[in-house]
Every structure is written in C-alpha cells, then in structure tokens.
Amino acid sequence: METASIQIEIFLLTGIGFLCGRKGMLSSKTREQLIDLLFAVILPASILDSFQVELTPTVVEQTLGAFLVSCGIQVFYWLWNHVFYRGTSPDHRVCLRYATMVSNAGLIGMPIAAAYFGSRGLLLASIFLIPQRVFMWSYGLSMFTDSSGRDVLRKLATHPCIVSIAIGIGVMGLYTAGIQLPAPVTATVSALSDCSTALGMVAVGGILSDCRLRDVVNREVLTYSLYRLVLIPLCVAGLLLVLPVDPLTAQVSILLTAMPAASTTAMLAAKYRGDAPFASELVLSSTLLSLVTVPGVCMALSLVW
C-alpha cells in the first residue's frame, strides 16, 4: 500500500505538470529554467541533506557498493551498445547508444529514490550517479563530438551535484565528530530538499506535454524503450541477486537503471547536427512509457527484497 501511495503521488504530480504544459503555464523556456533550478539548487540541497548522517560501517559499505555497482553497470552498457543497434543507421545508432549509456536518473531517478527509500536511498543514488556523469561527459560526449580531457574534468568538477557530494562528505565527517550544522542552515537545506520530488515530477510532466502519440508508436523507438526500461533492469537484477550486494544498494541501483533516456540525448543531437527529431522521440517515448514500467519495477523490488 505504501508503494502504491507513493506511485499515485508521483503520477498526480506528473499529471499536474502535464496539464500546466498543455495550458501554456510551463512553456519550453519555463521548463528549461525549472530544470536548471533543480540541478543547480534543489537536487544539490537534497544530496547535502542526505549526507547529514553519522559515518558508520554500514554507510561506508552501502556507498562503496553503490559506486562499484554503478561502475559495473556502465561497463555493461558499453557491452550492450556493441552487441545491439548494429542494423540501425549511423545517425540513429549514435542516439541509441548514448541514450542507453546515459539515463535520466538525475532528474527522475533521484526524486523517486528519495520518495521510495528515504534519505539513505537518495544518498546512494547520488553516489551511484557519479560514474554515469563521468561517462556522460567523456565517452557519451565523444559520440557526438571530439571532447578534450580538460573539458571533461571541468564539467565534472563544476557540476552542482558533484560539488554537493564533496561538501556532503565534509558534513558527514562533522556529524560523525558530533558537530551539526547551524539550525537555520539545516532547516533551509531540508526545505529545499522537500521540493525535489514535486518539482522534478512537475518538470517531467511539462516535458511530456509536448509528446504526440505518433512519436511513441515507432518500432525502433519502442524497441529501445523495451531495452532501456525492461530488459536492462532485468539483467542487472539477475546479476545483483547472485552477488553479495547490500539489499538497499541493489534496489536503488536497479531502480536507477530503469530510468528513461536522458534529455541531453536530444540536446546534444541538436547542438552537434545529429538526428535531433529521432533523439527527441527516444526521450519522450521512454519517459512516457516509464510512467508504467517504473511502478512495476518498484513493486517487483518490494517483492524480491
């Protein structure tokens, strides 16, 4: 019942964003600004809030496990890309491979992880996303253009979520030493953190308001969505079931692998003269279908673990 309640909440928030988008209250410019606000302020505050815990052997085990599992999954994506998509056109193949390697786990996955698993789930999600961001700005970006090592390091070092993780590690050290942040700071961070799920799902609903049925009913796009939303999470779940991985770490990892294509797929395709319409179809269709598949994944996780 708790899982169903959370999913209904997420669905309603997404529906509000969808209606606001259709009514013109969430224009493309407004959505862009909202997403910038999420990544620059709201999600970093959520990450920082999740680090306000005492460093214990369990926390160390879970965070290290999330990082190592994420690295393994990135290698799995790389192998998947070299097995599938061979029969597609070069322009489509680039978009498909990038959308497989990089999901929208940052915008959608982190709020959902926080809603289902609380602050500890958000902590593990933020650690899990570090390898994805490394691959996103290195291997992923190189699919569309030549990217220098210096540019990759700059993007990683200045990303608000990465900066908040670095600060969060310091905060965790203070908590372990018995030193807490000033009450006004803690209250402000907590208030911003509480907005993450609502604003994240409203932003997703606004993106979906541009989606047309004909963009979803496409064999190549539907095949990708099946891979991204169903088959890949199943493969990862099968591997984690036989490996000695902490249950919460495994659940968060599987949930984040079940996320749709990253919105940067369409952005990079448009910027570097790729097939932007096809990339947009991948993002919109997988995001729309994830409204059905993600609840199924969450229910399955609650049954297995």
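As the structure is a prediction and not an experimental result, all values here were calculated from the model.

Peer 1: What am I meant to see in unusual backbone geometry here?
Peer 2: With the exception of glycine, most residues fall at negative phi, and the peptide bonds are largely trans. At Y85, a residue that is not glycine, the phi angle is positive and equals roughly 70 degrees. With respect to the helices and strands, the residue Y85 is situated in the loop between α3 (57–83) and α4 (90–101).

Peer 1: Just to check I follow, could you spell out helix α2 (residues 28–50) for this structure?
Peer 2: Since one α-helical turn is 3.6 residues long, residues separated by three or four positions face the same way. The terminal C-alpha atoms of α2, which comprises 23 residues, lie 31 Å apart, in line with the 33 Å expected from a rise of 1.5 Å per residue. If you look at α2, its biggest bend is around 45 degrees, right at L38.

Peer 1: Is there a simple way to explain empty space enclosed by the protein in this structure?
Peer 2: Rolled over the atoms, a probe sized like a water molecule indicates the empty space that remains. Tallied over the entire structure, the rule returns 2 cavities of 30 Å³ or more. Volume-wise, the largest cavity comes out at about 80 Å³. Forming the walls of the largest cavity are 12 residues, and the residues nearest its centre are I108, I112, M201, S290 and L291. Listed by contribution, the elements that provide at least two residues to the lining of the largest cavity are α1 (2–22), α5 (105–144), α9 (196–208) and α14 (276–304). With 5 residues, the single largest contributor to the lining of the largest cavity is α14. Tallied by class, residues from the lining of the largest cavity come to 8 nonpolar, 4 polar and no charged. Counted as a void, the second largest cavity has a volume near 40 Å³. Along the walls of the second largest cavity sit N104, L107, I108, V204, I207, S263, V283 and T287, which together make up its complete lining. Of all elements in the fold, only α5, α9 and α14 reach the threshold of two or more residues within the lining of the second largest cavity. In the lining of the second largest cavity, the residues fall into 5 nonpolar, 3 polar and no charged.

Peer 1: What am I meant to see in the environment of A266 here?
Peer 2: Among the secondary structure elements, A266 is positioned in helix α13 (residues 264–271). Residues A266 and I232 lie 34 residues apart in sequence; the distance between their C-alpha atoms is 21 Å. Residues within four places of A266 in sequence aside, it is in contact with A279, S280 and V283.

Peer 1: Honestly, the layout of surface pockets in this entry has me stumped. Any pointers?
Peer 2: Estimates place the volume of the second largest pocket at around 210 Å³. Lining the second largest pocket are 14 residues, with P233, L234, A237, I254 and A300 sitting closest to its centre. For the lining of the second largest pocket, the elements supplying multiple residues, two or more each, are α11 (219–242) and α14. A per-class count over the lining of the second largest pocket returns 12 nonpolar, 2 polar and no charged.

Peer 1: Even after reading the chapter, I still don't get the confidence of the model for the protein, so can you show me in this structure?
Peer 2: When pLDDT is low, close inspection of the predicted coordinates is not appropriate. Residue-level pLDDT values for the protein average 84, and 92% of them are 70 or greater. Mean pLDDT across the secondary structure elements of the protein bottoms out at helix α10 (residues 213–216), with 65, and peaks at helix α12 (residues 247–257), with 94.

Peer 1: Help me understand the packing of aromatic side chains in this model?
Peer 2: The geometry of an aromatic ring pair is captured by the separation of the ring centres together with the interplanar angle, meaning the angle of the planes. In total, this model carries 7 aromatic pairs according to the counting rule given. Consider the rings of F76 and Y77, whose centres lie 6.5 Å apart with planes at 50 degrees: the pair is tilted. Classification of Y77 as buried rests on a relative accessible area of 2%. Following the ring pairs from residue to residue traces out a cluster consisting of F76, Y77, W80, F84, Y85 and Y227.

Peer 1: Quick question: what am I supposed to make of the packing of α3 against α12 here?
Peer 2: The description of two packed helices rests on the angle between their axes and on the distance between the axes. Between α3 and α12, the shortest axis-to-axis distance is 9 Å and the interhelical angle comes to 35 degrees. The element α3 and its partner α12 pack so that their crossing is right-handed. Here α3 contributes Q62, G65, A66, V69, I73 and Y77 to the contact with α12, which in turn contributes L248, T249, S253 and T257.

Peer 1: Is there a simple way to explain the environment of V189 in this structure?
Peer 2: Mapped onto the secondary structure, V189 falls in helix α8 (residues 183–193). C-alpha of V189 to C-alpha of V41: the two residues are 148 residues apart in sequence and 9.7 Å apart in space. For V189, the residues in contact, after removing those within four places along its chain, are A45, L48, D49 and Q52.

Peer 1: Honestly, the packing of α9 against α14 in this entry has me stumped. Any pointers?
Peer 2: Interhelical geometry of α9 versus α14 gives an angle of 125 degrees and a closest axis separation of 10 Å. When the interaxial angle is binned, α9 and α14 end up oblique. Once α9 is placed against α14, the crossing between them reads as left-handed. Here V204, I207 and L208 of α9 come into contact with α14, specifically with L284, T287, L288 and L291.

Peer 1: Can you walk me through the environment of L48 in this structure?
Peer 2: By the secondary structure assignment, L48 is in helix α2. Classification of L48 as buried rests on a relative accessible area of 17%. Spatially, the C-alpha atom of L48 lies 7.4 Å from that of V189, the residues being 141 residues apart in sequence. When near neighbours in sequence (up to four residues on either side) are disregarded, L48 contacts S164, I167, G168, V171 and V189.

Definitions and limits used
- Residues numbered from 1 in each chain as written.
- Predicted model: local features only at pLDDT ≥ 70, side-chain atom pairs only at ≥ 80, totals over all residues.
- Heavy atoms only, no water.
- Helix = DSSP H or I, 4+ residues; strand = E, 2+ residues; numbered from the N terminus.
- Expected span 1.5 Å × (residues − 1).
- Bend = angle between axes of the 7 residues up to and from the residue.
- 1 Å grid on protein atoms, 1.4 Å probe; cavity = no way out; pocket = protein on both sides within 12 Å on 5 of 7 lines; lining within 4 Å.
- Points joined across faces, edges and corners; volume = space filled by probe spheres on them.
- Nonpolar A, V, L, I, M, F, W, Y, C, P; charged D, E, K, R; others polar.
- Contact = heavy atoms within 4.5 Å.
- pLDDT = per-residue confidence, 0-100.
- Phe/Tyr/Trp six-rings, centres within 6.5 Å; stacked < 30°, edge-to-face > 60°.
- Buried < 20%, exposed > 50% of the residue type's maximum accessible area, 1.4 Å probe, protein only.
- Axes fitted to C-alpha atoms, helices over the stretch in contact; angles between N-to-C directions.
- Left-handed = near helix turned anticlockwise from the far one by under 90°.
- Parallel < 35°, antiparallel > 145°, perpendicular 65-115°, else oblique.

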